[in-house]
Amino acid sequence: MPTRTYRICFLGFGNVNRTLLRLLEQKRGELNERYDLAWQLTGVASRRLGWIAAPQGLDAETIADGWKPGSANVRNSIEDWLGDARPDVLFEATSLNVANGQPAVDYLRAGLEHGAHVISANKGPVVHAFRELTALAGQKGKRYLFEAAVMDGAPIFSLFRENLPAVELHAFYGILNSTTNVILTGVEQGLSFRQSLGKAQEIGVAETDPSHDVEGWDAAVKVAALITVLMGEPFPPQRVEREGIGSLTGDAVRQARAGGRPYKLVCRARRSAGRIIASVKPEQVPATDPMAQISGTSSIITFETDIFPALTITETNPGVYTTAYGMLADFIRAVRTQA
Ligand code: HSE
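Residues numbered from 1 in each chain as written. Predicted model: local features only at pLDDT ≥ 70, side-chain atom pairs only at ≥ 80, totals over all residues. Heavy atoms only, no water.

### Description of the packing of aromatic side chains
Rule in force here: Stacked, tilted and edge-to-face are the three classes assigned to paired rings of Phe, Tyr and Trp, where Trp is represented by its six-membered ring and a pair needs centres within 6.5 Å; plane angles under 30 degrees give stacked, over 60 edge-to-face, the rest tilted. A run of DSSP states H or I qualifies as a helix once it reaches four residues; a run of E qualifies as a strand once it reaches two. Both are numbered from the N-terminal end. Burial status follows relative accessibility: with a 1.4 Å probe on protein chains alone, a residue under 20% of its type maximum counts as buried, one over 50% as exposed, and anything between as partly exposed. Charge-over-ring contacts are defined here by two conditions on Lys NZ or Arg CZ: a distance within 6 Å of the ring centre and an angle within 35 degrees of the ring normal.
Counted according to the given criterion, the structure contains 11 aromatic pairs. Residues Phe 160 and Phe 303 carry aromatic rings whose centres are separated by 4.9 Å and whose planes lie at 70 degrees to one another, so their mutual orientation is edge-to-face. In this pair, Phe 160 sits in helix 6 (residues 157–163) while Phe 303 sits in strand 12 (residues 299–305), placing the two residues 143 residues apart along the sequence. Taking relative accessible area as the criterion, Phe 303 reaches 0% and is therefore assigned buried. Members of the aromatic cluster, joined through ring pairs, are Tyr 6, Phe 10, Phe 13, Phe 91 and Phe 331. Between the NZ or CZ atom of Arg 28 and the centre of the ring of Trp 39, over which it lies, the distance is 4.0 Å. One residue, Arg 242, lies across the ring of Trp 217, its end atom 3.9 Å from the ring centre.

### Examining the site of the ligand
Here is the rule we go by: One heavy atom suffices: a residue is near a molecule or strand as soon as one of its heavy atoms comes within 4 Å of it. Contacts described as polar in this section are N or O atom pairs within 3.5 Å, which, within protein, must combine one atom able to donate a hydrogen with one able to accept it, while residues neighboring in sequence count only if both atoms come from side chains. Accessibility throughout is a Shrake-Rupley quantity obtained with a 1.4 Å probe, and a residue counts as covered only by protein chains that appear here. All amino acids are sorted into three groups, where Ala, Val, Leu, Ile, Met, Phe, Trp, Tyr, Cys and Pro are nonpolar, Asp, Glu, Lys and Arg are charged, and the leftover types, Gly among them, are polar.
Taken together, Lys 123, Asp 152, Leu 176, Asn 177, Ser 178, Thr 179, Val 205, Glu 207, Asp 213, Asp 218 and Lys 222 make up all the residues around the ligand. Within the side chain of Thr 179, a nitrogen or oxygen atom sits 2.6 Å from an oxygen atom of the ligand. Contacts to the ligand include Asp 213, whose side-chain N or O atom sits 2.7 Å from a nitrogen atom. For the ligand, the protein covers 90% of the area, taking 250 Å² as the surface of the free molecule. Residue assignment for the shell around the ligand shows that the elements contributing at least two residues are helix 7 (178–188) and helix 10 (217–230). Split by residue class, the shell around the ligand holds 2 nonpolar, 3 polar and 6 charged.

### Re the environment of Arg 18
Defined as follows: Pairs of residues are marked as contacts when any of their non-hydrogen atoms sit within 4.5 Å.
Turning to its location among the elements, Arg 18 is positioned in helix 1 (residues 15–26). Along the primary structure Arg 18 and Phe 172 are separated by 154 residues, whereas in three dimensions their C-alpha atoms are 32 Å apart. Every residue in contact with Arg 18, bar those within four places of it in the chain, is listed here: Phe 13, Arg 48, Ile 63 and Asp 65. A polar contact is formed between the side chain of Arg 18 and the backbone oxygen of Phe 13, at a distance of 3.0 Å.

### Focus on helix 7
Here helix 7 lies mainly inside the structure; 11 of its 11 residues are buried. For helix 7, the set of buried residues is Ser 178, Thr 179, Thr 180, Asn 181, Val 182, Ile 183, Leu 184, Thr 185, Gly 186, Val 187 and Glu 188. Here the buried face of helix 7 lies against strand 8 (169–175), helix 8 (193–203), helix 9 (211–214), helix 11 (250–258) and strand 10 (263–272). A side-chain oxygen of the first residue of helix 7 lies 3.3 Å from the backbone nitrogen of Thr 179; this N-cap is Asn 177. Gly 190, located one to two residues past helix 7, shows a positive phi value of around 105 degrees.

The structure is reproduced here in structure tokens:
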């Protein structure tokens with residue numbers, strides 16, 4: 001098959017999309033040889049840079065830290081930017097807006113209207129606009145994919161979509177927020193909450209506003225996203241019963257671990273008598289429970305289905321590369337299944 005070159009653009013240029021750019025560079029040969037695909041970066045947009053379009057292409061070195069784009073490349077709106085950068089694939093990784101998913105929902109809509117596949121690491125649009133964006137993608141013969149939105153790119157959405165046809169999901173539970181898990185692990189080891197949060201920020205897993213992690217919002221949005229997509233019921237994050245880890249004291253966390261029942265920020269969802277109930281809250285789990293072994297940035301989820309009584313995925317020590325990988329995998333899926 002002849003190699004096809006896709007124009008790609010990044011919307012949001014923080015940790016995730018920067019790492020994705022490095023990963024795309026690293027995998028350039030493999031993408032070419034195994035999947036007959038090549039890419040050219042024609043646009044980057046962020047709060048700091050503005051709407052930068054470069055139809056002739058940009059490379060990773062050009063846009064390294066501290067880069068100041070020439071005014072000829074700056075556009076005034078997303079529409080002008082899309083019109084000049086003409087992406088075939090738009091990678092969106094802007095900050096989470098729990099309340100309504102904006103402005104990411106508008107960005108993804110504009111990307112699809114323009115005729116690009118949209119690949120997003122953002123959970124906000126999944127809970128606030130999954131049906132609308134999926135329908136729009138279908139109309140345009142494009143894909144809206146978001147594997148990186150939950151569990152850092154481990155295959156969850158694609159697992160159900162591609163490998164578990166006709167399976168009915170009854171319930172799931174697990175640990176889905178890395179930052180609070182890093183904090184609890186750090187506090188168990190004698191650090192303060194603040195020092196442990198600093199560790200999570202250093203690793204790059206904390207949200208731009210870390211109170212979203214600490215208060216359980218990030219986890220609640222992930223739970224809502226999983227319910228919305230995998231259980232087929234639009235479920236606003238506000239419907240998730242939510243309690244963060246802010247009310248736990250360091251002593252309580254250390255004593256719980258010493259007593260063999262450590263605290264974890266546990267996510268749960270279950271369909272019962274036709275109704276879905278969901279929660280995110282600190283729970284003391286028995287030391288024998290696999291959740292007790294999940295430390296640092298690791299996460300775990302167990303799915304209860306009509307066919308598999310319990311199917312568990314554990315992800316050990318993911319970093320921002322695994323999130324970026326989720327987007328890379330979506331890129332390959334999108335262009336290989338293009339209508
Ligand atoms: N803030 C999130 C976490 C990032 O800590 O899990 C990954 O979604």
